[in-house]
Structure formats: structure tokens, C-alpha cells
Amino acid sequence: MASTSVYQINKGVNTSIEFKGLKAQYIWYMGGAAIVLFAIYTLLYVCGIRSYICVGIVICLGIPMIMGIYHLSSAYGEHGVTKMLARRGVPRHVKSNSRRIFKTSTNNGKVIR
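Predicted, not measured: the structure shown is a model, and the values here were computed from it.

(A) Quick look at the environment of I53. As for its placement among the helices and strands, I53 is situated in helix α2 (residues 51-76). With relative accessibility at 46%, the residue I53 sits in the partly exposed group.

(B) Representation of the UniProt feature "transmembrane region" (unreviewed entry) in the chain in the model. The feature "transmembrane region" (unreviewed entry), as given by UniProt, occupies residues 26-46 and 53-72 in the numbering adopted here. Helix makes up 100% of residues 26-46 and strand 0%. Its end C-alpha atoms lie 30 Å apart. Between the C-alpha atoms that bound residues 53-72 the distance is 29 Å, and the span itself is 100% helix and 0% strand.

(C) Seen up close, helix α1 (residues 26-46). Across its 21 residues, α1 extends 30 Å between first and last C-alpha, which sits within 8% of the 30 Å expected from 1.5 Å per residue. Of all the residues in α1, the buried ones are Y26, M30, A33, L37 and L44. Looking down the long axis of α1, one finds its buried residues gathered within 60° of arc, a one-sided arrangement. The exposed set on the far side of α1, more than 90 degrees from its buried face, consists of W28, I35, F38, L43 and V46. In the core, the buried residues of α1 are packed alongside β2 (22-23), α2 and α3 (80-89). With its phi angle positive at about 100°, G48 sits one or two positions after the end of α1.

Conventions and cut-offs
Residues numbered from 1 in each chain as written. Predicted model: local features only at pLDDT ≥ 70, side-chain atom pairs only at ≥ 80, totals over all residues. Heavy atoms only, no water. Helix = DSSP H or I, 4+ residues; strand = E, 2+ residues; numbered from the N terminus. Buried < 20%, exposed > 50% of the residue type's maximum accessible area, 1.4 Å probe, protein only. UniProt positions renumbered as here; feature names shortened; annotations may be inferred. Expected span 1.5 Å × (residues − 1). Arc of directions from axis to C-beta. Contact = heavy atoms within 4.5 Å.

And the structure:
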């Protein structure tokens, strides 16, 4: 049976962007890493180091950086690093030096101190 619909269905409306396995914010992390590596290369080249050595240093720094970003993307997913950083901010224990807040009594919904 032929479809009579004129409109095409876009099935990727609310999905996050993905580029070569990198999801969401990790694409920005990869762009930042590329800019940092380019800055390192230019700084080394301006300092008078030969270009072959500069390329070797940038490659030796870039490979672990890229592998780390891909690891974060695959391990934590789209919002995982943000959740991990937020979880670090939550205290494990709450200390109270006084029991006063637990000793309040109520009378018809009103707190009596």
C-alpha cells in the first residue's frame, strides 16, 4: 500500500549530536584539545625547535588526550561526566552538633519550640 503522506518523518529530532562516536559535549572537548595542541605546536615552533620534533611532541601529547576523551564518551555517555562531577559535590555524611531540630513537636500542624 502506498503512503499518501506528503510529509517526511524526522526520527532524530530530540537526539543528541554524535560525530565519529563522540557524543554531545565531548565534541567540544575534542575541539578544545585540538586548539591546545595547535597552541603547543606553535609555541614550540616559535621557540626554535625543529618542526619534526614539534610534530612528534604534539602527537605524543595528542594520542593520550584523544584516547581519554573517547574513553569518557564511551564510559559515561551523554551526560555522565556532568553527573559524576555533581555526585562529587554531595557530602557522604551530614553532621549535626545539636538535636534541637529533631526535638520539635507539633500542635495542630504548628511547630512548638
